[in-house]
Structure formats: C-alpha cells, structure tokens
Amino acid sequence: ARRQNIVGKRKFVEHSVATEILQVAGIVAETCKMGAVFGPAQIGKSMTLEAIQGDQRFGDPVLIRVDESMLRPFALCRAIASKFDLSVNGTFDTVFRRVVTRLTGTKRMLMFDEVERVHYETLELIRDLHDQTGCPVLLCGKPKIFAKLGLRQIGDFSEVTDQLSSRIIMHRDLTLRTRGKKPQPLFSLDDIRKLIHRGDVKLHVAPDAVKWLQMRASTLGTGGLGRALACFYLACKVAFVQDADTITAQNLEDVADMTMGDEDAQRVAEVVAESSGIRRVV
C-alpha cells in the first residue's frame, strides 16, 4: 500500500473548527489584541495553528507549543527567545528584555498552543509580552483555559485573571455548536468529504463510510478527528490488501474494533464527557 501511495500525505483542510480558529486569529491580528480558542483534544486545533505560521494575513504568526519544560515563566521566555534566534543566556530579566526589544513594533502574532498547562505566573509573562511589545497573542488549549483566563472565576486565578480577561477581545468555545436547543455535530459531512478529497485516496468511499467518519470525529472522548482519520487511513490499506476498491462503514468499524474495541471506546467516551462537562453530540 505504501509503494502504491494509496493514501497521500497529511494536508491542512479548513473544516468547521479550523474556520472558527481562523476567524479569531484574523480579528486578533487586525486589532493587535489577545484572543483565545479552546476545545478538547484531537479536533484540529494544533494543525490549524501550524498551517498559518508565517502567513502574512495573520500577522506572520509564530507558534510556541507549550510542553512540560515550559510551564514556568523563565522556561517559556527562553523558548520564545529561541524561536527568534536570540541568546537564552543570562537572567530572566536579560532574556525577557531581548525578546521585548526584538518584537516591539513588529506586530507579529504569538500563538501559544496547549497553554492551559502553564502556571498562572506564566500567563502573566504572556500578558507582559503583549503589553510591552504590542504584538497580538492567540491562546489555544483545552476547555480549562477558559477558567484560567478569568472568563470564569476560579480559586487562585482571581488576581491575574482580571488583567488577562480585560485584554481578550475575542474568545471561542470550539464545541459550542454541539450544545443548545439545536445541537449539531462538531464536523459536517462536507468537512469529512473535504478531508477525504485532500487525502488523495485512490479508493472509492461509500456514503455510509462518510457518515461513520462524521460520527466518530464528532463524538468527543473517542479520539476525535485524529482517531477517525487514523482509522480511515488504516482501512484504506486493509482494503488495498484485500483487493477492494471501496471503503465502507464496516471496513472502518473493523479497524476501530482492532485498535480499540467498541465497548472500550464507549466507556472512554463516557468518562471523558462526564469529567469535562462536555455534552456528546452525534
């Protein structure tokens, strides 16, 4: 299957979630303010941010993906300095001043992914960078960032969040459409068709398979879009080995059962939904 290139390389697709992120990014870049987008894992947040790195329409953004080594202010400050090829030697104040000098007046957008992981002092660092450089800032993470940013009062964050929330011109819950009086799936059938098309799949995809992918991608807690696409790519390779020319929902279900049994998947989905307070909608 690999030799025949049965599935093309991963490509960015502007699906419904990506469109919402891009809307916030555009307004933040235009106003040089701060914005925030949040939603569960594996719905396409990181790939969307990666796709607009260096895009002049969004203020030539620079992406900093927060990992365990960047949770404290000095660590994150050094990571930002490295992004701009600045020296990370010296005290926190020295490195911070280098970054401020480099960014002041550039209006380059700083995008922080998985920012819900950082300590509240680190959020203050991000605010200081925004205030002193005038650069727009886009924060992206899981739903608990909503609380940390002061959009809802929570414990120790009461002092810092007042300052942060006043600077956030726009925030977006990326799962909002799945709730309310008329809940809708997180991803539309058109989104799934675009993803299949951009994958350059050399097999026919049956309508029931498209519907299955929409269901699995929109069901929070079962791996989201990322896992749905992984099942799709595996199903394509299995079908190729079996000399089939069409991917069906059954092919996808078989692959899903092979990687994670249906009972396990449903159990995980229920636990995630209950712990996050996010309603599952299919």
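Above this text sits the structure in question.
Computed from a prediction, not measured in an experiment: that's the story for all the values here.

Student: Can you lay out the overall build of the protein for me, pointing to particular residues and giving the numbers?
Tutor: Counting its regular elements, the protein contains twelve helices and seven strands. Across the 282 residues of the protein, 48% fall into the buried class. Within the protein, counting contacts between residues at least 6 apart in sequence, those at least 24 apart form 72% of the total. Here the protein displays about 13900 Å² of accessible surface, and carbon together with sulfur accounts for 49% of that area.

Student: An account of unusual backbone geometry is requested, with residue identities and associated values reported.
Tutor: Of note in this structure, Cys32 is not a glycine but carries a positive phi near 55 degrees. Topologically, Cys32 is positioned in the loop between helix H1 (16-31) and strand S1 (34-38). The phi dihedral of Glu114 is positive, around 60 degrees, even though this residue is not glycine. Mapped onto the elements of the fold, Glu114 is located in the loop between strand S3 (110-113) and helix H5 (120-133). The partly exposed category is assigned to Glu114, whose relative accessible area is 29%.

Student: Please give an account of the side chain of His15 that cites residues and values.
Tutor: With respect to the helices and strands, the residue His15 is situated in the segment before H1. In this structure His15 comes out as buried when scored by relative accessible area, which is 5%. Discounting chain neighbours no more than four positions away, the residues touching His15 are Ile43, Gly44, Phe187, Asp191, Lys194, Leu195 and Leu225.

Student: Give a detailed account of H1, specifying residues and quantitative values.
Tutor: Counting along an α-helix, one turn takes 3.6 residues, and residues three or four places apart therefore face a common direction. When the terminal C-alpha atoms of H1 are compared, their 23 Å separation across 16 residues agrees well with the 22 Å that a helix rising 1.5 Å per residue should span. If you check which residues of H1 are buried, you get Val17, Ala18, Glu20, Ile21, Leu22, Val24, Ala25, Val28 and Ala29. Contacts made by the buried residues of H1 are with S1, helix H2 (45-51), strand S4 (137-141) and strand S5 (168-173). Looking one or two places after H1, you find Cys32, whose phi comes out positive at around 55 degrees.

Student: Report on the sheet that holds S5, specifying residues and quantitative values.
Tutor: If you walk across this open sheet you meet the five strands as S2-S3-S4-S1-S5, and the pairing is parallel. Edge positions in the sheet fall to strand S2 (62-65) and S5, since each of these pairs with one other strand and no more. Between one strand axis and the next, the sheet turns through 15 degrees on average, direction left out of account. Contacting S1, S3 and S4, H5 crosses the sheet at an angle of about 160 degrees to S4.

Student: Could you give an account of the packing of helix H9 (residues 207-218) against helix H10 (residues 224-241), with specific residues and numbers?
Tutor: Where H9 contacts H10, the axes come no closer than 7 Å and their chain directions differ by 145 degrees. For the element pair H9 and H10, the recorded crossing hand is right-handed. From H9, Trp212, Leu213, Arg216 and Ala217 reach across to H10, where they touch Gly224, Leu225, Ala228, Cys231 and Phe232. A per-class count over the contact of H9 with H10 returns seven nonpolar, one polar and one charged.

Student: Explain the packing of helix H3 (residues 73-83) against helix H4 (residues 92-103) to me, and be specific about the residues and the numbers.
Tutor: Direction vectors running N to C along H3 and H4 enclose 40 degrees, while the axes themselves pass 9 Å from each other. As H3 packs across H4, the resulting crossing turns out to be left-handed. Of the residues in H4, those touching H3 at Pro73, Phe74, Cys77, Arg78, Ile80 and Ala81 are Phe92, Val95, Phe96 and Val99. For the contact of H3 with H4, the class distribution of residues is nine nonpolar, no polar and one charged.

Student: Lay out the pairing of S3 with the relevant residues and their values.
Tutor: Covered by surrounding structure in S3 are Leu110 and Phe112 together with Met111 and Asp113, the residues of both alternating faces. Two strands pair when backbone bridges link them, and S2 and S3 are joined in this way by four bridges, in the parallel orientation. Counted as the bridge partner of Leu63 is Met111 from S3. Where S3 lies against S4, four bridges are found, and the strand directions are parallel. Bridge pairing links Phe112 to Leu139 in S4. This β-α-β element, S3 to H5 to S4, shows right-handed connectivity.

Student: So what about the packing of aromatic side chains? Which residues, and what values?
Tutor: Inspection of every chain in the model, using the stated rule, returns three aromatic pairs. A ring pair is formed by Phe74 and Phe92, whose centres lie 5.6 Å apart and whose planes are at 80 degrees; its orientation type is edge-to-face. Separated by 18 residues along the polypeptide, Phe74 in helix H3 and Phe92 in helix H4 bring together distant segments of the chain. Of the residues examined, Phe74 reaches a relative accessible area of 25% and is grouped as partly exposed. Relative to Tyr233, the ring of Phe232 lies with its centre 5.8 Å away and its plane at 50 degrees, an arrangement referred to as tilted. You can call Phe232 buried: its relative accessible area is 2%.

What counts, and at which threshold
Per chain, residues are indexed from 1 in the order of the written sequence. It should be noted that, the model being predicted, local features are given only for residues of pLDDT at least 70 and side-chain atom pairs only at 80 or more, the latter also being counted only at that level, while totals for whole chains, interfaces and linings use all residues. Excluding hydrogens and water, the side-chain figures rest on all heavy atoms present in the structure. Put simply, DSSP H or I for four residues or longer makes a helix, DSSP E for two residues or longer makes a strand, and each gets a number counted from the N terminus. Categorising residues by exposure relies on relative accessible area from a 1.4 Å probe, with only protein chains included: less than 20% of the type maximum marks a residue as buried, more than 50% marks it as exposed, and the intermediate range marks it as partly exposed. Contacts are assigned to residue pairs with any non-hydrogen atoms lying within 4.5 Å of each other. Areas reported as accessible are Shrake-Rupley estimates using a 1.4 Å probe. Residue values count occlusion only from the protein chains shown. In a helix, the anticipated span is given by 1.5 Å times the number of residues less one. Strands were regarded as paired on the criterion that DSSP finds at least two bridges between them. Each axis is a line fitted through C-alpha atoms, taken for helices only over the stretch in contact, and angles between the N-to-C directions span 0 to 180 degrees. Helix crossings get a hand from a simple test, with the near helix turned counterclockwise from the far one by less than a right angle marking a left-handed crossing and a clockwise turn marking a right-handed one. Just so you know the grouping, Ala, Val, Leu, Ile, Met, Phe, Trp, Tyr, Cys and Pro go in nonpolar, Asp, Glu, Lys and Arg go in charged, and all remaining residues, Gly too, go in polar. With strands facing away from the observer, any crossover in which the path from the first strand over the helix to the second runs clockwise is taken as right-handed. Ring pairs are drawn from Phe, Tyr and Trp, using the six-membered ring of Trp, whenever the two centres fall within 6.5 Å, and their geometry is named by plane angle: stacked under 30 degrees, edge-to-face over 60, tilted for the rest.

Don't take any of this as a statement about function, it's just geometry.
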